[in-house]
Amino acid sequence: MMTETNEAGIFKQVPSPFCGVGTDDLTIKVEDTAIRVIENGCAVNTPAFEQPLGDLKPRVVGKKVELKDAVDKAAEILRSASLPLFGGLATDVNGMRAALSLADKTGAIIDNMNFGAALRNFLVVHDSGWVNTTLAEVKNRADLLLVVGCDLESLFPRFFERYIWTADSMFLDDTGKRQVIYLGKIPSGFASKSPSGKAAKVLACPDADLPQVVAVLRALVKGAPLNITEVGGISITELQRLASQLKKAAYGVVTWAVSALDFPQAELTVQTLCEMIKELNRSTRCSGLPLGGKEGDQTSFQVSGWQTGYPSRVDFSAGFPEYDPYLNSVESRLADGSGDALLWISTFNVEKTPPKTPVRKIVVGRSGMQFDREPEVFIPVGTPGIDHCGHAYRTDNVVAVRLRKLRESALPSCSEVLSAIEQTL
Amino acid sequence: MLIKLTGGTVYDPKHEINGEVRDLYIRDGRVIEQPSDSKIDQEYDLSGKVVMAGAIDMHTHIGGGKVNIARMLLPEDHRADPACRSELLRSGCGNAAPSTLTTGYRYAEMGYTAGFEPAMLPINARQAHMEMGDIPILDKGGYVMLGSDDFLLRMMAAKKDQQAINDYVAWTIHSAQAIGVKVVNPGGINAFKFNQRTLDLDEKCAHYGVSPRDILVCLATAVKTLGVNHPLHVHGCNLGVPGNKDTTLNTIRAMDGLPLHLTHIQFHSYGTEGDFKFSSGAAEIAEAVNRNRNISIDVGQIMFKQTVTASGDNMRQFANHHHANPKKWVCMDIECDAGCGVVPFKYRDKNFVNALQWAIGLEIFLLVDDPWRIFLTTDHPNGAPFTSYPHLIRLLMDKSFRRDMLATIHSDAARASTLASIEREYSLYEIAVMTRAGAARILGLSDRGHLGAGAAADITVYTERDDKQKMFEKPDYVFKDGELVVRNGEIVKVTWGTTHVIRPEFDPGIEKSLADYFDRYMTMKLGNFKIHDDEIREDGRGNLTVHPCRIGGPA
């Protein structure tokens, strides 16, 4: 399905697989295979869409070959491996379906490139659960946004424009009156400033102090007496005020991005936030909004979830899916020597190349990818949402966007390549 | 290819065939009349075997966001039931929240050939279809959820005419690729977003000034007027609340003859009598169902084991989260559309309430007279995983087994139930009605659920046994669209079923106000919201089957 386009090669309302927040209002101009974002671009989407097309031909040990030869070689590598590792897993729904089918057949371990960070959320889900919301609820209902431990606008440049400082909201008279509060990291720019010029409130502290600060905030929400005057450089009075604001808000939203919570046992901080949100819901409404969804990570977790029961780091070598969120990382399986071949899947971002490893490597990657060390097999594939249709999940887990084909590049899709490898086995 | 099934004892309620020895002929995936002179390519001797159409589960949570949340919540549950890969089958996991692949295999192994996801949020329908697209063998379909979506409530608050609402309902059925419409806790999921904690039938959503009664009448009218075959599928107010039988009875009265399907009615049939202030309302509910022919129900039987409850009703799931076992749960508000709540449960036979819930479900099964208007469900996985069906069938068909089981539950609950005094045993014919012919009829699947000429050859063959659990656990043969997919309870071929949908007519003018609403309030463009046919078909194995609307509705 091609998006409707006028004669000038202009595509409107194009959804993005890159930004994680489901932006679908891009206007894109395609000339031959060159893509230009001409409306509603951002620092994440524009370069990702405009990345020029690179190699169209697969390579085996650096030599250009026909697709069939590259597929044969890849199959040979997987066949001779005793424990293949499938890393990256940055692809669309069909690409992930094909990866899981191939992993099941070859007895591989799968591990998404962002799972190390995502695990900070998944451990909370496995252990205690959460109360969450989605972007349209934020846009229409949130009267308070608490941003914990991340610089929202550098990760999601259009978040404030699309979901907070919106012209319309069903249940708020004036979206400019939403309260925005940062806890931990300081915003790098001014996106969080309201249209009338009101800056976000910032309660800054070093990342290392976030576990304590969040624990104190939860205690204050619960009304526990505390015998301290400050934590992480933030006064208890300020935190007490924040606790009261959360309780008074009609629909508070607490957001975090696990990629930014990069400190040991960050899952405990996420859990503390999530338990605090549950406790707030005894009297008012409050919801979490975990942010991620880049490099197709949410897509990969979802598809793996419905086909195996587990989000990632699944070992198929025993003939059934075994989940171990620590032992089954590509990193640890390369370090302990048990993984002896690597299939790296990365169809969105040419910068996301495979880890350095001496094991035999197959890369199914976005055309244009450059390597420090040439993998044994490189198969350039189309990018979902540019070269072929597909589906990608948004950060809020509920919404899958339909990705469109914008150009004819002759590149195969990741799913076609992986299926061909499986057929060859 | 012409296949002959010779000499089986056929139960085909649509044609009032009750255990008659018949030959069946299959060609090109369809049941055909006896051909005059064709050569039989393959013959199965079914003498002494029981032959029914493939079973249809008309209410089972097999796809969509909340199911996947349930999976993510319960790694330990999957570990307890790993499903191994074979030459033919993909690996996966079973139990309470099985993987999609294992779901298809296990349903087929029990003789089921279709399953319908009852709670497809419009915004999440794409995911539901993608998950169902990874369920092998079964046909599938979904009921799209309305009734707490802000667009509908805004229309109702603005007193838009019924015709405009019908257009919106039809547009949503198209966009979500649905076969029916469901409402869950009408207005309640929405009210919870405004911090209302209860919403009884005549309470108003504070923001919109609309009551569940208004919503039910409005949607049931739309569904009827549009000619949607399946009556409005209703998960009522006050799920699980002691005394909710009165809400259910009032809901039936409120319909004033409009067709309505009350789902998992067991969870809505509670009284407040006795020391525990929790009692069975089954007799009153069954009587009301018997008396009102516009009402159909499925039961939502519970079983004593670990499961997980996954519901759109986050208002009630939040209220019930204290019962989570293990102690973890998820609630979500979703896209001004609806919500969901996922709470693991372990129903225990020595717990008074759980034990009585079990008895209430069985009482309803046994007190409702007309098997064409009651369906066999556990509301998978909410009451129990679907793999409990053979056990449930035995409970219905075998009163001495039922009494043995009754003797093992909490003794006060057993005493509080009339179950011991109920003599009824379901016949094979009635089971075939409830799980085949009736289910196909209420969904408008004219070529499924029966064995007449022209029917899709979805056929299950059992060996009759005294132990009905054993009988229904392991069919001798299952044919899906004429292909043998199961032999002796094991998959021998993996096929891919179709997705059943309906496409009522509507005035496309509704898209004007929808486009404006999407641009202003939603986070997706209207054009990107609609699910196109190629999304379901493009993988080469998915397909769509469009069923005509009921006569009386628009063409």
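Analysis parameters
- Residues numbered from 1 in each chain as written.
- Chains lettered and ligands numbered in written order.
- Predicted model: local features only at pLDDT ≥ 70, side-chain atom pairs only at ≥ 80, totals over all residues.
- Helix = DSSP H or I, 4+ residues; strand = E, 2+ residues; numbered from the N terminus.
- Rg over C-alpha atoms; globule rule 2.2 N^0.38 Å.
- Buried ≥ 20, exposed ≤ 12 C-beta atoms within 10 Å, placed from the backbone.
- Contact = placed C-beta atoms within 7 Å.
- Nonpolar A, V, L, I, M, F, W, Y, C, P; charged D, E, K, R; others polar.
- Pairing = 2+ DSSP bridges.
- Axes fitted to C-alpha atoms, helices over the stretch in contact; angles between N-to-C directions.
- Arc of directions from axis to C-beta.
- Core = buried A, V, L, I, M, F, W, Y, C linked by C-beta atoms within 7 Å.
- Parallel < 35°, antiparallel > 145°, perpendicular 65-115°, else oblique.
- pLDDT = per-residue confidence, 0-100.
- Domains from an automatic or database assignment.
- Left-handed = near helix turned anticlockwise from the far one by under 90°.

**So, the overall build of chain A**
Across its full length, chain A holds 13 helices and 22 strands. Here the C-alpha atoms of chain A give a radius of gyration of 23 Å, agreeing with the 22 Å that 2.2 N^0.38 yields for 425 residues. For chain A, the C-alpha atoms occupy an extent of roughly 65 × 55 × 35 Å along the three principal directions. Counting every position in chain A, which comprises 425 residues, the buried fraction comes to 60%. Restricting the contact set of chain A to residue pairs at least 6 apart, pairs at least 24 apart contribute 65%.

**Focus: the overall build of chain B**
In terms of regular secondary structure, chain B is built from 20 helices and 26 strands. Taking 24 Å as the expected radius of gyration for a compact globule of 555 residues, we find that chain B reaches 22 Å, a close match to that expectation. Summarising its shape, the C-alpha atoms of chain B cover approximately 65 × 55 × 45 Å along the three principal directions. Evaluated residue by residue, chain B yields a buried proportion of 62% over its 555 residues.

**Notes on the interface of chain B and chain A**
Taken together, the 50 residues of chain B in the interface contact 55 residues of chain A. Broken down by element, the residue count for the side of chain B that touches chain A peaks at six residues, all from strand 18 (residues 329-334) of chain B. Its residues assigned to classes, the side of chain B that touches chain A comprises 20 nonpolar, 14 polar and 16 charged. Note that strand 8 (residues 129-132) of chain A and strand 18 of chain B share four bridges and pair parallel. Pairing of V131 of chain A across the sheet is with C331 of chain B, part of strand 18 of chain B.

**Focus on unusual backbone geometry**
Here the bond from N325 of chain B into P326 of chain B is cis, since omega is -5 degrees, no more than 30 degrees from zero. Note that P326 of chain B resides in the loop between helix 11 (314-319) and strand 18. In this structure, the amide linkage connecting H380 of chain B to the following residue, P381 of chain B, adopts the cis form with an omega of 0 degrees. Tracing the backbone through its elements, the reader meets P381 of chain B in the loop between strand 20 (374-375) and helix 13 (389-397). Phi is positive for Q13 of chain A, close to 50 degrees, though the residue is something other than glycine. Since 18 C-beta atoms lie within 10 Å of it, Q13 of chain A is described here as partly exposed. A positive phi angle is found at V61 of chain A, which is not glycine, with a value near 40 degrees. For V61 of chain A, the position within the fold is in the loop between strand 4 (59-60) and strand 5 (63-64).

**As for the sheet that holds strand 3 (residues 34-39) of chain A**
All names here are of chain A. The sheet built from three strands is open, its strands ordered 1-2-3 with antiparallel pairing. Strands at the two margins of the open sheet, each flanked by one partner only, are strand 1 (10-14) and strand 3. Shown here is a sheet whose adjacent strand axes are inclined to one another by a mean of 30 degrees, direction ignored. Across five bridges, the pairing between strand 2 (residues 26-31) and strand 3 is antiparallel. When the sheet's bridge partners are listed, T27 is paired in strand 3 with E39.

**With respect to the sheet that holds strand 20 (residues 377-381) of chain A**
All names here are of chain A. What the nine strands build is an open sheet, ordered 5-4-20-19-18-6-7-16-17; its pairing is mixed. Strands at the two margins of the open sheet, each flanked by one partner only, are strand 5 and strand 17 (322-323). Looking at chain direction, strand 19 (residues 360-366) and strand 20 are connected through five bridges and run parallel. Within strand 20, the residue paired with V364 across the bridge is I379. Strands strand 6 (84-90), strand 7 (109-112) and strand 18 (341-346) of the sheet are contacted by helix 3 (residues 93-106), whose axis makes an angle of about 170 degrees with strand 6.

**Thoughts on helix 14 (residues 399-406) of chain B**
Residue and element names in this part refer to chain B. Burial in helix 14 covers these residues: R402, M405 and L406. In an axial view of helix 14, the angular spread of the buried residues amounts to 100 degrees, which keeps them on one side of the axis. Among the exposed residues of helix 14, those oriented more than 90 degrees off its buried face are S400 and D404. The inward-facing, buried residues of helix 14 contact helix 12 (352-367), helix 13 and helix 15 (411-416).

**Examining the nonpolar core**
A99 of chain A together with V169 and L219 of chain B are the most contacted members of the largest nonpolar core, which totals 313 residues. Those residues in contact with A99 of chain A that lie beyond four places of it in its chain are F86, L89, T91, I110, I345 and L418 of chain A.

**Notes on the pairing of strand 17 (residues 306-311) of chain B**
Residue and element names in this part refer to chain B. For strand 17, a buried count of six out of six residues is recorded, marking the element as mostly surrounded by other parts of the structure. Residues Q306, V308 and A310 point to one face of strand 17 and T307, T309 and S311 to the other, with burial holding for every one of them. The pairing of strand 17 with strand 19 (residues 338-346) spans six bridges and is antiparallel. Each residue of the ladder has a partner; that of A310, found in strand 19, is V342.

**Here's the deal with the packing of helix 6 (residues 162-176) of chain B against helix 8 (residues 212-226) of chain B**
Residue and element names in this part refer to chain B. The N-to-C vectors of helix 6 and helix 8 enclose an angle of 75 degrees; their axes lie 9 Å apart at closest approach. By the criterion of interaxial angle, the relationship of helix 6 to helix 8 is roughly perpendicular. Contacts from Q162, I165, N166, V169 and A170 in helix 6 reach C218, L219, T221, A222, V223, T225 and L226 in helix 8. Along the lines of polarity and charge, the residues of the contact of helix 6 with helix 8 split into eight nonpolar, four polar and no charged.

**Looking at the environment of G385 of chain A**
Residues and elements named next belong to chain A. For G385, the location among the structural elements is in the loop between strand 20 and strand 21 (390-393). What makes G385 buried here is the crowd of 26 C-beta atoms within 10 Å. Through-space distance from the C-alpha of G385 to that of P15 is 7.5 Å; in sequence the pair is 370 residues apart. Apart from residues lying up to four places away in sequence, G385 is in contact with P15, S16, P17, G390, A392, L403 and R404.

**Examining the confidence of the model for chain B**
The predicted model of chain B averages 97 in pLDDT, with 99% of residues at 70 or higher. This complex was scored by the predictor with a pTM of 0.98 and an ipTM of 0.97.

**Considerations on the domain arrangement of chain A**
Residues and elements named next belong to chain A. As assigned here, chain A comprises domain 1 (10-48), domain 2 (54-114 + 295-424) and domain 3 (128-291). Distance between the C-alpha centres of domain 2 and domain 3: 35 Å. Each partner contributes residues to the interface: domain 2 has four residues there, and domain 3 has four residues. Looking at the side of domain 2 that touches domain 3 residue by residue, the class counts come to two nonpolar, one polar and one charged.

**Notes on the packing of helix 8 (residues 210-222) of chain A against helix 10 (residues 266-280) of chain A**
All names here are of chain A. Relative orientation of the contacting elements helix 8 and helix 10 amounts to 15 degrees, with a least axis distance of 9 Å. With respect to helix 10, the element helix 8 is oriented roughly parallel. Seen from above, helix 8 lies across helix 10 with left-handed handedness. Packed against helix 8, whose contacting residues are L210, P211, V214, A215, L217, R218, V221 and K222, the element helix 10 presents L268, T269, T272, L273, E275, M276, E279 and L280 at the interface. Looking at the contact of helix 8 with helix 10 residue by residue, the classes come out as 10 nonpolar, two polar and four charged.

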